[in-house]
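The chain contents come next:
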Amino acid sequence: MPEVYSKALGSSLQFKRIVGHIKGKQPGPTVVFFGGIHGNEPAGIFALDEVVKKLRSNKTPFNGEFFAVAGNVSALQKKVRFHEEDLNRIWHPERIAQLERQNGRETPDAKEMRALMGFLKELFSTTSPPYYFIDLHTTSGETSPFIVVNDSLLNRKFVSNYPLPIILGIEEYLSGALLSHINEMGYVSFGYESGQHDAASAIENSINFINYTLALTGAVDVGVEELAKLRCKVADSCDEPHTFYEIYYQHEIGPSDQFDMLPGFVNFQKVPKNQPIAINGQGVIKTTKPRQLFMPLYQKKGSEGFYFIREIPRFFLWMSKWVRNLKMDSVLTLLPGINWASNDKVALMVNKKIARFMAKPIFHLLGYRARYIDQNHLIIKNRERNSKERDYIDAPWYR
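Basis of the calculations
The residue numbers shown here count from 1 along each chain, following its written sequence. Local features in this predicted model are restricted to residues of pLDDT 70 or higher, and side-chain atom pairs are both shown and tallied only at a pLDDT of 80 or more, whereas totals for entire chains, interfaces and linings draw on every residue. Excluding hydrogens and water, the side-chain values take into account all heavy atoms of the structure. Aromatic pairs are defined between Phe, Tyr and Trp rings, using the six-membered ring for Trp, whenever the two ring centres lie within 6.5 Å; interplanar angles under 30 degrees are classed as stacked, those over 60 as edge-to-face, and all others as tilted. Secondary structure elements are taken from DSSP: a helix is a run of H or I of four residues or more, a strand is a run of E of two residues or more, and numbering for both begins at the N terminus. Summary of the burial criterion: residues with accessible area below 20% of their type's maximum are buried, those above 50% are exposed, and those between are partly exposed, where the area comes from a 1.4 Å probe applied to protein chains only. We call a set of buried residues a nonpolar core when its members are Ala, Val, Leu, Ile, Met, Phe, Trp, Tyr or Cys and they connect through side-chain atoms within 4.5 Å of each other. Note on contacts: a residue pair is in contact if any heavy atoms of the two residues lie within 4.5 Å. Annotation comment: domain bounds sourced from an automatic or database domain assignment. Here the quantity called buried area is the total loss of accessible area, with a 1.4 Å probe, experienced by two parts when brought into contact, counted for both. By definition, a salt bridge exists where a carboxyl oxygen of Asp or Glu is found within 4 Å of a side-chain nitrogen of Lys or Arg. Side-chain atoms alone can form a polar contact between residues adjacent in sequence; in general such a contact is a pair of N or O atoms within 3.5 Å, and within protein one must be able to donate a hydrogen while the other accepts it. Residues are grouped as follows: Ala, Val, Leu, Ile, Met, Phe, Trp, Tyr, Cys and Pro are nonpolar; Asp, Glu, Lys and Arg are charged; every other residue, Gly included, is polar. Only a pair of cysteine sulfur atoms within 2.5 Å counts as a disulfide in this structure description. Strands are labelled as partners when DSSP assigns at least two bridges between them. What counts as an axis is a line fitted to C-alpha atoms, over the stretch in contact for a helix, and the angles between N-to-C directions run from 0 to 180 degrees. Think of the arc as the fan of directions from the helix axis to the C-beta atoms. Helices are assigned an expected span. That span is 1.5 Å times one less than the residue count. Definitions for this section: a left-handed crossing has its near helix turned counterclockwise from the far helix by less than a right angle. A right-handed crossing has that turn clockwise.

**Quick notes on the packing of aromatic side chains**
- Scanning all chains against the criterion turns up 34 aromatic pairs.
- An angle of 70° between the planes, with centres 5.1 Å apart, marks the rings of Tyr131 and Tyr187 as edge-to-face. Highlighted residues: Tyr131 in strand 6 (residues 131–139) and Tyr187 in the loop between helix 6 (178–183) and strand 9 (188–196), separated in sequence by 56 residues. Comparing Tyr131 with Tyr187 shows no difference in burial state: the two are buried.
- Judged by centre distance (5.3 Å) and plane angle (45°), the ring pair of Phe306 and Phe308 falls under tilted.

Pasting the structure below:
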């Protein structure tokens, strides 16, 4: 049986792909947690194992189903982020189709992807909505816990229940993530970052987060007071404000690029103008104005050196909800150079010459963030039209 090691605990754990599965006697949600999509992030596996054991030993009454799933099993065994390709960057439609056709050589990471594809296929054929998919992660640098979520109104409504910083817009810079693939199906899905890779607190934070999520979704029945206590445990783990942020810059690292983050930076840190923050082949990288740093890279593998974020005004969040509910994006197709990319109306094709005159926040306001660029056009995708919001209207948090 595979074995994963925790430096924080100084101990190992034997596990299977399905770390645990609990099926309640009463109908309810289907809640799926992934841990270890990156093999150097074992905290999620240890947290899931602990929660499953506690639920079973306490014989906790359960509604619906709960799945605890290991991501990159072989990378977890070897304590590496991935073997040849990042398992959380390869969930592209063409790659999924290739694996379904069984064409070409499969990397060790692609084999893990195939196993997860099989799990999802069986899940959707044997379980019932509403579905919740949460990916447990940790970071290479020091951090307070936070949530990363694709920008759909359904996602935003659900994650607003967590007293944590919430980061929007990562799908504009990071493509091929597992939960982006699931989110395009219309289901609630998001990532939770619990702390630094080898910190014992990252495991404890994940345990509290999982327990609160099971109560929030109605998978475990708790009273108002108990739900408040669980929420407080999540809140107490974080020093940052409960607000929405937006990613607006990513420092990308090429395969042959030299990159070293300077020591001492932490997540959400505000840095002044002209602050040296990293070194690459061209020299020292400095900030050109005051910035707020996000996810500085302190590990060998990874193509994202760091991000810059900014707080999103509440008025903008309210306005975006209003215009999306009215489907005002249809007005864009009346402009020259902007057309629907397909009949399902989930993506727009925008002529690059027209895009120069369209402010980026306008697309964000209407829910368009992920961009695929060809020679002459932008393809910008919207997840609102795929949203299966009706599956969630009876959930306790939705009311």
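**What to know about the nonpolar core**
- In terms of nonpolar packing, the biggest core is built from 80 residues, with Phe34 and Phe66 touching the most fellow members.
- Examining the composition of this core, we find that 9 residues originate from one element, helix 7 (residues 200–216), more than from any other.
- Those residues in contact with Phe34 that lie beyond four places of it in its chain are Leu48, Val69, Leu116, Phe119, Leu120, Phe133, Ile134, Asp135, Leu136, Leu178, Leu179 and Ile182.

**Some words on the domain arrangement of the protein chain**
- Each domain of the protein chain was delimited in the assignment, giving domain 1 (3–243), domain 2 (245–311) and domain 3 (323–382).
- A separation of 31 Å is found between the C-alpha centroids of domain 1 and domain 3.
- Contacts between the two partners involve 10 residues from domain 1, matched on the other side by 9 residues from domain 3.
- Here domain 1 and domain 3 share an interface that buries about 820 Å² over both sides, 40% of which is from carbon and sulfur atoms.
- Among the residues of domain 1 in contact with domain 3, Asp151, Leu153 and Glu172 are the three that bury the most area, contributing 58% of the side total.
- Between domain 1 and domain 3 we count 2 salt bridges in total.
- Glu184 is the partner of Lys381 in a salt bridge, and the nearest nitrogen-oxygen pair spans 3.3 Å.
- Along the contact surface separating domain 1 from domain 3 lie 3 residue pairs in polar contact (both at pLDDT 80 or more).
- Taken together, the residues of the side of domain 1 that touches domain 3 sort by class into 3 nonpolar, 2 polar and 5 charged.

**Let's talk about the state of the cysteines**
- Across all of its chains, the model carries 0 disulfides by this definition.
- Cys232 forms no disulfide, and the closest cysteine sulfur to it belongs to Cys238, at a distance of 14 Å.

**Topic: the sheet that holds strand 10 (residues 244–252)**
- Strand order in the open sheet made by the 11 strands is 3-5-4-6-9-7-8-10-16-15-12, with mixed pairing throughout. Two strands lie at the open edges of the sheet, namely strand 3 (18–23) and strand 12 (270–271), each paired on one side alone.
- Helix 7 rests against strand 4 (26–35), strand 5 (63–70), strand 6, strand 7 (146–149) and strand 9 of the sheet, and its axis sits at about 155° to strand 9.

**Focus on the side chain of Thr139**
- Inspection of the secondary structure puts Thr139 in strand 6.
- What makes Thr139 buried here is its relative accessible area of 6%.
- Here the side chain of Thr139 touches Gly141 through a polar contact of 2.8 Å, landing on its backbone oxygen.
- Setting aside residues up to four positions removed in sequence, Thr139 forms contacts with Phe146, Glu193, Gly195, Gln196, His197 and Met295.

**Considering helix 3 (residues 93–101)**
- Where helix 3 is concerned, the buried positions are Arg95, Ile96 and Leu99. The buried residues of helix 3 occupy an angular sector of 100° when the element is viewed end-on, so they sit on one face. Facing away from the buried side of helix 3 by more than 90 degrees, the exposed set consists of Pro93, Glu94, Glu100 and Arg101.
- A positive phi of about 60° marks Gln102, the residue just after helix 3.

**Structural notes on helix 9 (residues 314–325)**
- Here helix 9 contains 12 residues, and its C-alpha end-to-end distance of 17 Å stays within 8% of the 16 Å for a straight helix at 1.5 Å per residue.
- Burial in helix 9 covers these residues: Leu317, Ser320, Val323 and Arg324. For helix 9, the angular spread of the buried residues around the axis is 135°, confining them to a single face. Facing away from the buried side of helix 9 by more than 90 degrees, the exposed set consists of Arg314, Phe315 and Asn325.

**Observations concerning the sheet that holds strand 13 (residues 276–280)**
- Ordered in space as 11-13-14, the 3 strands form an open sheet in which the pairing is antiparallel. The open sheet has two edge strands with one neighbour each: strand 11 (259–261) and strand 14 (283–286). If you compare each strand with its neighbour and ignore which way they point, the axes differ by 30° on average.

**So, the packing of helix 7 against helix 8 (residues 224–236)**
- At a closest axis distance of 9 Å, the pairing of helix 7 and helix 8 adopts a crossing angle of 145°. Relative to helix 8, helix 7 is oriented so that their crossing is left-handed. Where helix 7 abuts helix 8, its residues Asn208, Phe209, Asn211, Tyr212, Ala215 and Leu216 lie against Leu227, Leu230, Arg231, Lys233 and Val234.
- Broken down by class, the residue content of the contact of helix 7 with helix 8 amounts to 7 nonpolar, 2 polar and 2 charged.

**Some details on the pattern of salt bridges**
- For the structure on display, the rule yields 16 salt bridges.
- Salt-bridge contacts for Arg324 lead to Glu384; the nearest nitrogen and oxygen are separated by 2.8 Å. Taken together, the positions of Arg324 in helix 9 and Glu384 in the segment after strand 20 (377–382) put the pair 60 residues apart, joining distant regions of the chain. By the burial criterion, Arg324 is buried, and Glu384 matches it.

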